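A structural walkthrough
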Amino acid sequence: IAGITQAPTSQILAAGRRMTLRCTQDMRHNAMYWYRQDLGLGLRLIHYSNTAGTTGKGEVPDGYSVSRANTDDFPLTLASAVPSQTSVYFCASSDSGLAGDEQFFGPGTRLTVL
Amino acid sequence: GQNIDQPTEMTATEGAIVQINCTYQTSGFNGLFWYQQHAGEAPTFLSYNVLDGLEEKGRFSSFLSRSKGYSYLLLKELQMKDSASYLCAVRDGDYKLSFGAGTTVTVRA
């Protein structure tokens, strides 16, 4: 059982380039999330999806877009990367996104934008 | 926005007890989570509180007081492997999870 996988593990990217971070889960969870984690700031929600076909904006959505074409996949796209998007990105999923559902996290993608 | 505060760092001796406090001010409340995160790894779930009181799970316990906007995570019989960051997270009225910056616990022999 893989749980949640993310790709790539790490990436160095030139500013202005387009980049898609991939996230796949095999738990048939309805809800999926993208966070970024920066030193001293903790995890901040970028975008989320409560079910396939729907998405919503989190706390820091600017410069990022997502899609949820099916239950398993939730890619995060940086249309034109900027150095302030250097961070560790975590994808997570939960059964329904409600009440006491815990979120399961992927291993993370370390992104450096130069 | 949401405001979740927890200490930045704590140090304790192997075998001892450490209490990590978390205070929060959020728009609505639908539960409080504690996660453990080892350096370079993903956060993993430790506990969930939605009603006032203490939840015990082995060496770890978590307490919640909704009226005070306060929680703590209690780690007993500390082991070296408990050295990690501990994240307090609150599910708000829209069911979104907001995280504190995390408390780094260092366990010394």
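The structure contained in this document is the topic of the report that follows. What you see is a predicted model, and the numbers here were worked out from it, not measured in a lab. (Residues numbered from 1 in each chain as written. Chains lettered and ligands numbered in written order. Predicted model: local features only at pLDDT ≥ 70, side-chain atom pairs only at ≥ 80, totals over all residues. Heavy atoms only, no water.)

**Some points on the overall build of chain B**
Counting its regular elements, chain B contains zero helices and eleven strands. For chain B, the α and β elements follow one another from N to C terminus as β-β-β-β-β-β-β-β-β-β-β. Expected size for 109 residues packed as a compact globule is a radius of gyration near 13 Å; at 13 Å, chain B falls within 12% of this value. In terms of overall dimensions, chain B has a C-alpha envelope of 40 × 30 × 20 Å along the principal axes. For chain B, buried positions account for 47% of its 109 residues. Counting contacts in chain B only where the partners sit at least 6 residues apart, residues at least 24 apart contribute 54% of the total. For chain B, the accessible surface area stands at approximately 5200 Å², while carbon and sulfur atoms represent 46% of it. (Helix = DSSP H or I, 4+ residues; strand = E, 2+ residues; numbered from the N terminus. Rg over C-alpha atoms; globule rule 2.2 N^0.38 Å. Buried < 20%, exposed > 50% of the residue type's maximum accessible area, 1.4 Å probe, protein only. Contact = heavy atoms within 4.5 Å. Areas by Shrake-Rupley, 256 points an atom, 1.4 Å probe, with all protein chains shown as cover.)

**Section: the pattern of salt bridges**
All names here are of chain B. For the structure shown, the criterion picks out six salt bridges over all chains. One salt bridge connects Asp52 with Arg66, and the closest N-O pair in it is separated by 3.1 Å. Of this pair, Asp52 sits in the loop between β5 (44–49) and β6 (53–57) while Arg66 sits in the loop between β7 (60–65) and β8 (70–75), and the two are 14 residues apart along the sequence. Taking relative accessible area as the criterion, Arg66 reaches 41% and is therefore assigned partly exposed. Between Asp82 and Arg59 there is a salt bridge, and its shortest N-O distance comes to 2.8 Å. (Salt bridge = Lys/Arg side-chain N within 4 Å of Asp/Glu carboxyl O.)

**Digging into the sheet that holds strand β3 (residues 19–25) of chain A**
All names here are of chain A. The strand order across the open sheet formed by four strands is β1-β3-β8-β7, and the pairing between neighbours is antiparallel. The open sheet is flanked by β1 (4–7) and β7 (64–66), the only strands paired with a single partner. Adjacent strand axes in the sheet meet at a mean angle of 20° when their direction is disregarded. Bridge count between β7 and strand β8 (residues 76–78): three bridges; the pairing is antiparallel. (Pairing = 2+ DSSP bridges. Axes fitted to C-alpha atoms, helices over the stretch in contact; angles between N-to-C directions.)

**A short note on the pairing of strand β9 (residues 87–94) of chain A**
Two faces belong to every sheet, and in a regular strand the side chains alternate between them. Residues and elements named next belong to chain A. In terms of burial, β9 is largely enclosed, as eight of its eight residues are buried. Of the two faces of β9, the one lined by Ser87, Tyr89, Cys91 and Ser93 and the one lined by Val88, Phe90, Ala92 and Ser94 are each fully buried. The sheet contact formed by strand β4 (residues 31–38) and β9 spans seven bridges and is antiparallel. When the bridges of β9 are listed, Gln37 appears paired with Val88. Of the pairings in the sheet, the one linking β9 to strand β11 (residues 109–113) comprises three bridges and is antiparallel in character. Bridge pairing links Val88 to Arg110 in β11. Inspection of the sheet shows β9 paired to strand β10 (residues 104–105) by two bridges, in the antiparallel sense. Paired with Ala92 across the strands is Phe105, a residue of β10.

**Some thoughts on the state of the cysteines**
Here a disulfide denotes a covalent bond joining the sulfur atom of one cysteine to the sulfur atom of another. Following the criterion strictly, the structure yields two disulfides over all chains and no others. There is a disulfide in this structure between Cys23(A) and Cys91(A), and the S-S distance comes to 1.9 Å. Every disulfide takes its handedness from the sign of the S-S torsion; for Cys23(A) and Cys91(A) that torsion is -70°, giving left-handed. Placement of the pair is Cys23(A) in strand β3 and Cys91(A) in strand β9, with a sequence separation of 68 residues. We note that Cys23(A), like Cys91(A), is buried. One disulfide bridge connects Cys22(B) with Cys88(B), the sulfur atoms lying 2.0 Å from each other. Looking down the S-S bond of the Cys22(B) and Cys88(B) bridge, the torsion is -70°, so its handedness is left-handed. Pair noted here: Cys22(B) is in strand β3 (residues 18–25) and Cys88(B) is in strand β9 (residues 84–91), with a separation of 66 residues, a long-range link. (Disulfide = S-S within 2.5 Å.)

**Quick notes on the sheet that holds β8(B)**
Residues and elements named next belong to chain B. Spatial ordering of the open sheet is given by β1-β3-β8-β7-β6, a layout of five strands whose pairing is antiparallel. Of all strands in the sheet, those with a lone pairing partner are β1 (3–5) and β6, marking the two edges. Looking at each pair of strands side by side, their axes are set apart by 15° on average, direction ignored. Where β6 lies against β7, five bridges are found, and the strand directions are antiparallel. From the neighbouring strand, Gly53 faces β7, where its bridge partner is Leu64.

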